[in-house]
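Here is what each chain is made of, one letter per residue.
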Amino acid sequence: MPPPQNLQSAELDDDTIEYSNTLKYLRAYLPPDLATPKLAIICGSGLGGLVNTIEQPKLTRTSKVEFSYSEIPGFVRSTVEGHAGKLVFGLLGVTKVPVVCMVGRFHVYEGHTREQVTFPIKIFKLLGVEVLIVTGAVGSLNSKFKVGDVVILWDHISIPGISGNNPLIGPNQSYFGTRFPSMADAYDFELRRIAFRAAASLNFEKGMIKEGTYCWVAGPSYETRAEARFLNFIGGDVVGMSTVPEVVVARYCGIRVLGLSIVTNMVLTRKPRSADPEKDEPEGIEVHPSHQEVLEASNASATMMQSLVKTVVEMI
Ligand SMILES: O=P(O)(O)O[C@@H]1C[C@H](O)[C@@H](CO)O1
Ligand SMILES: Nc1nc2[nH]cnc2c(=O)[nH]1
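Reading the values: the criteria
Residues numbered from 1 in each chain as written. Chains lettered and ligands numbered in written order. Predicted model: local features only at pLDDT ≥ 70, side-chain atom pairs only at ≥ 80, totals over all residues. Heavy atoms only, no water. Phe/Tyr/Trp six-rings, centres within 6.5 Å; stacked < 30°, edge-to-face > 60°. Buried < 20%, exposed > 50% of the residue type's maximum accessible area, 1.4 Å probe, protein only. Lys NZ or Arg CZ within 6 Å of the ring centre and 35° of its normal. Helix = DSSP H or I, 4+ residues; strand = E, 2+ residues; numbered from the N terminus. Contact = heavy atoms within 4.5 Å. Axes fitted to C-alpha atoms, helices over the stretch in contact; angles between N-to-C directions. Parallel < 35°, antiparallel > 145°, perpendicular 65-115°, else oblique. Left-handed = near helix turned anticlockwise from the far one by under 90°. Nonpolar A, V, L, I, M, F, W, Y, C, P; charged D, E, K, R; others polar. Near = heavy atom within 4 Å. Polar contact = N/O pair within 3.5 Å; in protein donor to acceptor, adjacent residues only side chain to side chain. Areas by Shrake-Rupley, 256 points an atom, 1.4 Å probe, with all protein chains shown as cover. UniProt positions renumbered as here; feature names shortened; annotations may be inferred. Pairing = 2+ DSSP bridges. Arc of directions from axis to C-beta. Salt bridge = Lys/Arg side-chain N within 4 Å of Asp/Glu carboxyl O.

A.B. asks: Explain the packing of aromatic side chains to me, please; I cannot follow it from the model alone.
C.D. replies: Using the criterion set out here, one finds 11 aromatic pairs in the structure. Ring centres of Tyr 175 and Phe 176 lie 5.7 Å apart, and the angle between their planes is 80°; this geometry places the pair in the edge-to-face category. The pair formed by Tyr 175 and Phe 176 is uniform in burial state, with each residue classed as buried. Pairwise contacts between aromatic rings join Tyr 19, Tyr 69, Phe 75, Phe 106, Phe 119, Tyr 175 and Phe 176 into one cluster. One cation-aromatic arrangement involves Lys 64 over Tyr 29; the distance from NZ or CZ to the ring centre is 4.9 Å.

See below:
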């Protein structure tokens, strides 16, 4: 069955009944002008400050627009530093676009299932969301990229996905989408064009906006050098532990996607120094990623990412 045009008023069928408690819960509190956001934003590591730019309307005694993940039926908890763990509804930009914002996300390395990680995307679809902007921190495999660059994603390689951990594995929920969805156009051309225009209108330094392919790995360990070389060899520009499951499910649900990643660290692809005394190789520059470094770099780019996302939203 194709997804109904107006999911807001559609009756949930057997496939979607598990989502009804979540919808009922949110709708019980949301003021009417915020109950059907057309746009959702996922804030990755260190990028949660975007939520401070969202305008919140005057609330009545019985309404609210900010929900901790721990109170929302069906949502799991966000356990990663830099991921606040709340869902916030509000109006963004001068044109006051109604949006829903995930401040912090779920990752499979936290022990959450693929279904739990992508559960919010199906809730977004049922709320009426048509466009998803997904942000996150990445390590760069591409030597032409540098820390602080914004990568407008044009494609991805899902290492867990192609090896048996696609988030769509399981009985098809035909209410949301087809059994075999195409991912050939996962990252919407028009939205990518808008992102470039938005960056130009903000006079971002030329060269700091890149286009690239995101490699999704499960984490939580960072890459070995050989893994990083492999990911680069197969076409990856950046590597991260999120984004892709959300994108796959969003596309499955017919939601258009813009993916924006911030380069927080360079990933070492060079072979390790040989310990063979006969080779007597000199010590190279060593870089070891840490989550602290990831958070510091994404915090340093937070204001810039916020204005980019805000401008994109106004231009859509
Ligand atoms: O949620 P994102 O992708 O921004 O978080 C990144 C990926 C890992 O969760 C973590 C690694 O430091 O940061
Ligand atoms: N897998 C992975 N995820 C990241 N997220 C931010 N930086 C990195 C990285 O270097 N590797």
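Now that the structure has been shown, we can carry on.
A.B. asks: It is not clear to me how helix α6 (residues 244-252) should be interpreted in this structure. Could you clarify?
C.D. replies: The α-helix advances 3.6 residues per turn, and as a result positions three or four apart in sequence lie on the same side. With respect to burial, α6 is a largely interior element, 9 of its 9 residues being buried. Here α6 has its buried residues at Val 244, Pro 245, Glu 246, Val 247, Val 248, Val 249, Ala 250, Arg 251 and Tyr 252. The inward-facing, buried residues of α6 abut β1 (39-43), α2 (114-127), β6 (131-140), β7 (150-158), β8 (209-216) and β10 (256-266). Gly 254, located one to two residues past α6, shows a positive phi value of around 80°.

A.B. asks: Looking at this model, I keep getting lost on the packing of helix α1 (residues 20-29) against α2. Mind explaining?
C.D. replies: The relative placement of two packed helices comes down to the angle between their axes together with the axis-to-axis distance. Two elements in contact, α1 and α2, have axes separated by 10 Å at closest approach and are oriented at 60°. Considered as vectors, α1 and α2 are oriented oblique to each other. Where α1 crosses over α2, the two elements pack in a sense that is right-handed. Here Thr 22, Leu 23, Leu 26 and Arg 27 of α1 lie close against α2, whose contacting residues are Phe 119, Ile 123, Leu 126 and Leu 127. Among the residues making up the contact of α1 with α2, the classes are represented as 6 nonpolar, 1 polar and 1 charged.

A.B. asks: What exactly am I supposed to notice about the site of ligand 2 here?
C.D. replies: Around ligand 2 lies a shell of 13 residues, among which Gly 139, Val 217, Glu 223, Gly 240 and Asn 265 are the nearest. Within the side chain of Glu 223, a nitrogen or oxygen atom sits 2.7 Å from a nitrogen atom of ligand 2. Contacts to ligand 2 include Asn 265, whose side-chain N or O atom sits 2.7 Å from a nitrogen atom. In the complex, 96% of the free accessible area of ligand 2, which totals 280 Å², lies under the protein chains. Partitioning the shell around ligand 2 into residue classes produces 8 nonpolar, 4 polar and 1 charged.

A.B. asks: Teacher, can you tell me more about the UniProt feature "binding site: phosphate" (unreviewed entry) in the chain here?
C.D. replies: With numbering matched to this structure, UniProt assigns "binding site: phosphate" (unreviewed entry) to Ser 45, His 83, Arg 105, Phe 106, His 107, Ala 137 and Ser 242. Within the secondary structure, Ser 242 is located in the loop between β9 (238-240) and α6. Apart from residues no more than four positions distant in its own chain, Ser 242 is found in contact with Arg 105, His 107, Tyr 214 and Trp 216.

A.B. asks: Teacher, can you tell me more about the pairing of β7 here?
C.D. replies: Looking along a regular strand, one sees side chains alternate from face to face of the sheet. The buried count for β7 comes to 7 of 9 residues, which makes it a mostly enclosed element. Inspection of the sheet shows β7 paired to β8 by 8 bridges, in the parallel sense. Opposite Val 151, over in β8, you have Lys 210 as the bridge partner. The pairing of β7 with β10 spans 3 bridges and is antiparallel.

A.B. asks: Would you mind going over the site of ligand 1 with me for this structure?
C.D. replies: Lining the immediate environment of ligand 1, one finds 13 residues, of which Ser 45, Tyr 109, Tyr 222, Ser 242 and His 291 sit closest. A distance of 2.9 Å is found between an oxygen atom of ligand 1 and a side-chain nitrogen or oxygen belonging to Arg 105. His 107 is positioned such that a nitrogen or oxygen atom in its side chain is 2.8 Å from an oxygen atom of ligand 1. Taking 340 Å² as the accessible area of ligand 1 by itself, protein coverage stands at 96%. Partitioned by chemical class, the residues of the shell around ligand 1 number 5 nonpolar, 7 polar and 1 charged.

A.B. asks: What is the right way to look at helix α5 (residues 225-233) in this model?
C.D. replies: When α5 is considered as a whole, its buried residues turn out to be Arg 225, Ala 228 and Leu 231. Angularly, the buried residues of α5 cover 125° about the axis, an arc narrow enough to put them on a single face. Downstream of α5 by one or two residues, Gly 235 has phi in the positive range, about 115°.

A.B. asks: Help me out: how do you make sense of the pattern of salt bridges in this one?
C.D. replies: Close approach of charged atoms allows side chains with opposite charge to pair. Taken as a whole and judged by the stated rule, the model has 10 salt bridges. Notably, a salt bridge pairs Arg 192 with Glu 211, separated by 3.5 Å at the nearest N-O pair. A residue pair is termed long-range when its members are at least 10 positions apart, and Arg 192 in helix α4 (residues 189-201) and Glu 211 in strand β8 qualify at 19 residues. One salt bridge in this structure joins Glu 283 and Arg 273, with 3.7 Å as the shortest N-O distance. Pair noted here: Glu 283 is in the loop between β10 and α7 (291-300) and Arg 273 is in the loop between β10 and α7, with a separation of 10 residues, a long-range link. Look at Glu 283 and you get exposed, because its relative accessible area is 61%. For Arg 273, a relative accessible area of 46% gives the class partly exposed. A network of salt bridges, in which partner residues are shared, links Lys 146, Asp 149 and Lys 210.

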